[in-house]
Amino acid sequence: MSIARYPEWQADAAEALIAPIVAAEPGPVLLCLQAVQGHFGYVPGDAVGMIAKACNVSRADAHGVFTFYADLRDTPPPAVPVRLCAAEACQAVGGRALKADWATACGEDTELAALTGVDEPIFCLGNCALGPAALVDGELMGCADVARLKAAVTQAQAAGDAS
């Protein structure tokens, strides 16, 4: 998977995305939120209100759905997102140390920090036998360490620059 390039937020494009979902699905708040994030990379605040209105629910209800799901975000994603598994199996084989080492690496390298954003924990990638696990730009990595994470970030960045 290469670095995702998302279009700028446009209300008209979002309305076009959610209209067919609302017409075809009962209770489509989550589906609409996912569609907006899939297209724009995140769910801007304006989209939550738009989705609430289209789905005939209160803004509070739509916001409640939005905040319940940890994978929905309200800010644009970093160029190369890095997510470290925070589940118990990965913690048992060095996940906490990896998180601390990755934070140190990002603290020492502002370019790396800007490129990868803040580590967003993810709970269980289903790769427990090869922990600690990570996702780098959507690609699963087992036996993760800082050197392998940096190499994967570099590779993802190069793939994104080539496209």
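Look above for the structure.
Keep in mind it's a predicted model, so treat the numbers as computed, not measured. (Residues numbered from 1 in each chain as written. Predicted model: local features only at pLDDT ≥ 70, side-chain atom pairs only at ≥ 80, totals over all residues. Heavy atoms only, no water.)

### A short note on the overall build of the protein
Helix and strand counts for the protein come out as eight helices and three strands. Out of the 163 residues in the protein, the part that is buried amounts to 37%. At a minimum sequence separation of 6, the contacts of the protein that also span at least 24 residues come to 63%. When the accessible surface of the protein is split by element, carbon and sulfur atoms take 56% of a total near 8,900 Å². (Helix = DSSP H or I, 4+ residues; strand = E, 2+ residues; numbered from the N terminus. Buried < 20%, exposed > 50% of the residue type's maximum accessible area, 1.4 Å probe, protein only. Contact = heavy atoms within 4.5 Å. Areas by Shrake-Rupley, 256 points an atom, 1.4 Å probe, with all protein chains shown as cover.)

### What to know about the packing of helix 3 (residues 45-55) against helix 4 (residues 59-68)
Remark: helix 3 packs on helix 4, axes separated minimally by 8 Å, with the N-to-C direction vectors making an angle of 120 degrees. Between helix 3 and helix 4, the interaxial angle falls into the category oblique. The hand of the helix 3/helix 4 crossing is right-handed. Mapping the contact onto sequence places Gly 45, Val 48, Gly 49 and Ala 52 in helix 3 and Arg 59, Ala 62, His 63 and Phe 66 in helix 4. Considered class by class, the residues forming the contact of helix 3 with helix 4 number four nonpolar, three polar and one charged. (Axes fitted to C-alpha atoms, helices over the stretch in contact; angles between N-to-C directions. Parallel < 35°, antiparallel > 145°, perpendicular 65-115°, else oblique. Left-handed = near helix turned anticlockwise from the far one by under 90°. Nonpolar A, V, L, I, M, F, W, Y, C, P; charged D, E, K, R; others polar.)

### A short note on unusual backbone geometry
Glycine aside, a negative phi is what most residues show, and trans is what most peptide bonds show. That bond from Gly 131 to Pro 132 is cis: its omega, 0 degrees, falls within 30 degrees of zero. One can find Pro 132 in the loop between helix 7 (110-116) and strand 2 (134-136). Its identity is not glycine, yet Cys 124 carries a phi of approximately 65 degrees, on the positive side. Structurally, the position occupied by Cys 124 is in the loop between helix 7 and strand 2.

That's the geometry; what it means functionally is another story.
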